[in-house]
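Listed below are the residues making up each chain.
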Amino acid sequence: MPDYDILAFGAVADGVTDNAPAIQTAVDAAAAAGGGRVVVPAGRFLSGSVMLRSNVELHLQSGAVLLSSLRPEDIRPFRSADADDDMDGWNGGFFLGACGEHNVTISGPGTIDGQGDKVFFDQNDDNGFHECPKVCADFRPRMMLFENITDFTVRDVTLKDAAFWTLHMAGCRRVRIQDIRILNDDRGANNDGIDPDCCQDVVISGCIVRTGDDAIVVKATGPMTRRYGPSRNITITNCVLHSRDSALKIGTETWGDIQNVTFGDCVVDDCSRAVGIWVRDGGRVENIRVHHLVGSVRRYADRYAVEGAPGWWGKGEPIFVSATNRAGRDNFPGVIRRLSFDHITLKAESCVFFAGEDHCPISDIRVEDLDLTMCRQGTQPGGLFDEQPSARHIYPHEIPALYARSVHGLRVRQMCVRAEGPTDWSGRLHCLEHCKNAQVEMEREEDE
C-alpha cells in the first residue's frame with residue numbers, strides 16, 4: 001500500500017493553517033489509485049472537515065496531532081435529519097467522516113484532538129463541588145461520523161477532548177475498534193466515547209475511555225433506524241471505562257431494535273452507572289449479556305444537589321434497566337427481554353434497578369454471582385430514584401440492594417451485599433413491586 005504524506009500535498013504543521021484542502025487532496029489521490037495510506041507526520045495540523053474514501057487508511061505517526069477546527073464554516077454539516085428527530089442530536093456537523101464507503105481505517109500512535117477544552121467552561125454552577133456538567137459553547141462538532149461503512153477499523157490512536165460525540169458510527173457493518181484511548185473532559189456534556197448506532201457485527205476491545213457522558217453507547221436513532229435497521233451483534237471486552245454517566249449504555253434512543261450485545265471483562269472506574277439499558281421509543285432490546293465487571297459507581301453533584309446546576313443521569317446504580325414513557329408521550333415504550341448479568345463485583349451508592357410498567361413489563365432477567373458493597377463514595381447523600389428521561393423523572397425512595405418493578409421472570413442467585421462505612425442503603429435486601437415469577441436468593445454479609 002503506497003504512502004501519501006500530507007506534507008507533499010501542501011500541509012503545514014503550524015497549528016493555525018486549515019489543512020483540510022491538503023489532507024482531502026491526499027485522500028482523494030490515494031482513493032483514485034485504488035487505495036493507500038495517508039500519513040500525518042509529527043507536528044500539529046489544524047484542519048476542517050475531511051471525508052475518507054474506500055481503501056484508504058489515515059495513519060497518524062508518533063507525535064502527530066490532528067486538530068479539529070471549531071469554526072462553523074470549516075465543518076461539514078450532517079445530511080438533513082427528519083424534523084421529529086431533534087432529540088437525536090443531529091446538529092453541529094463533524095470533523096472526520098465518510099459515507100457509503102468500504103475498507104476505511106484510522107490507525108497509528110498519534111492523536112486526534114477535538115479541542116473540547118475550548119468549548120467547555122466551568123462556571124461553578126454546583127457551588128464548589130466542581131462535579132456537574134460544564135457550560136458549553138453554542139457550536140460543537142462531533143469528532144467523527146462514519147455512516148454506512150463496510151469494514152471500518154480504528155486502532156491504536158488517541159482521541160482527545162471531543163467537543164461533542166467522539167466516535168459515532170451509523171449504519172456500519174463489520175467494525176473493529178481496537179486498543180484506542182479516548183481522553184475527554186469528564187465534565188463535558190454529550191462528549192460520548194463510542195456510539196454504534198444501527199451498526200452490525202461490531203467488536204470493541206482493549207480500549208481506555210475517560211469521558212463525561214456515556215463511555216460506550218449502543219443506539220438506534222430515528223434517522224439511522226429508517227436507513228439501516230437494527231443494532232445487533234456487538235461485543236465489548238477488555239476495556240477500562242470512566243464516565244459521569246454510564247460505562248455501557250443501551251438506548252435511550254430506541255426507535256429500532258438492539259439485539260445480541262455482550263459486555264464483559266471490563267473495569268468500571270467511578271461511573272454514575274456501570275450498565276444502563278433503556279427503551280423509550282418503541283424498539284426491542286433483547287439478548288444482552290453482561291459478565292465479569294469490577295470497579296465502582298457513585299453519585300456526582302448536579303442540579304439535584306444544587307438548584308440551577310446542570311445534571312447527570314444516574315445516582316450510583318450498578319445496573320439500571322428501564323422501560324417507561326418519556327414525559328409527555330403516550331406511545332408504547334418498547335420491549336426489554338432476555339438479559340443476563342453474572343460475575344460482577346462493584347462498590348455502589350444505589351441499588352440494582354429493574355423497572356418496567358404494567359403496560360410494558362421487562363421479562364426474563366438472570367442475575368448470578370453479584371458481589372455488591374454499598375457505601376457512600378461521593379459528596380452527595382442518596383435516597384433518590386432516577387428514571388430520566390421519563391414522566392417519573394427523579395423522586396425520593398428508600399434504597400434497597402435490589403429493586404424490581406413490573407418484571408416477569410426474574411432469577412437472582414448468589415447475590416451478596418454488605419455495607420462499608422457511611423451508606424444510604426436502607427439495609428433491605430430487595431423490594432419487588434408488580435413482579436411475576438420472581439425467584440430471588442440474596443444474602444447480607446457482615447458489614448465491614
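Residues numbered from 1 in each chain as written. Predicted model: local features only at pLDDT ≥ 70, side-chain atom pairs only at ≥ 80, totals over all residues. Heavy atoms only, no water.

A.B. asks: How would you explain empty space enclosed by the protein if you had to name every residue and give the values?
C.D. replies: Under the criterion given, the structure shown has 2 cavities of 30 Å³ or more. Computed from the structure, the largest cavity encloses a volume of approximately 50 Å³. For the largest cavity, the full set of lining residues is Arg299, Lys315, Glu349, Ser350, Pro381, Gly382, Gly383, Leu384, Ile399 and Asp424. Classifying every residue of the lining of the largest cavity gives 3 nonpolar, 3 polar and 4 charged. (1 Å grid on protein atoms, 1.4 Å probe; cavity = no way out; pocket = protein on both sides within 12 Å on 5 of 7 lines; lining within 4 Å. Points joined across faces, edges and corners; volume = space filled by probe spheres on them. Nonpolar A, V, L, I, M, F, W, Y, C, P; charged D, E, K, R; others polar.)

A.B. asks: Explain the environment of Glu317 to me, and be specific about the residues and the numbers.
C.D. replies: With respect to the element layout, Glu317 can be found in strand β28 (residues 317–323). For Glu317, a relative accessible area of 2% corresponds to the buried category. Separated by 110 residues in sequence, Glu317 and Gly427 have C-alpha atoms that sit 16 Å apart. When sequence neighbours within four positions are dropped, the list of residues in contact with Glu317 reads Ser272, Arg273, Ala274, Val297, Ser350, Cys351 and Asp386. There is a polar contact of 2.9 Å between the side chain of Glu317 and the side chain of Arg273. A polar side-chain atom of Glu317 sits 2.9 Å from the main-chain amide nitrogen of Lys315. (Helix = DSSP H or I, 4+ residues; strand = E, 2+ residues; numbered from the N terminus. Buried < 20%, exposed > 50% of the residue type's maximum accessible area, 1.4 Å probe, protein only. Contact = heavy atoms within 4.5 Å. Polar contact = N/O pair within 3.5 Å; in protein donor to acceptor, adjacent residues only side chain to side chain.)

A.B. asks: Hey, could you go over the pattern of salt bridges for me, with residue numbers and the actual values?
C.D. replies: The tally for this structure, following the rule as stated, stands at 35 salt bridges. With a shortest N-O distance of 2.7 Å, Arg174 and Asp151 are connected by a salt bridge. Linking Arg174 in strand β16 (residues 173–178) with Asp151 in strand β13 (residues 150–155), this pair joins segments that are 23 residues apart in sequence. For Arg174, a relative accessible area of 47% gives the class partly exposed. Given a relative accessible area of 29%, Asp151 falls into the partly exposed group. (Salt bridge = Lys/Arg side-chain N within 4 Å of Asp/Glu carboxyl O.)

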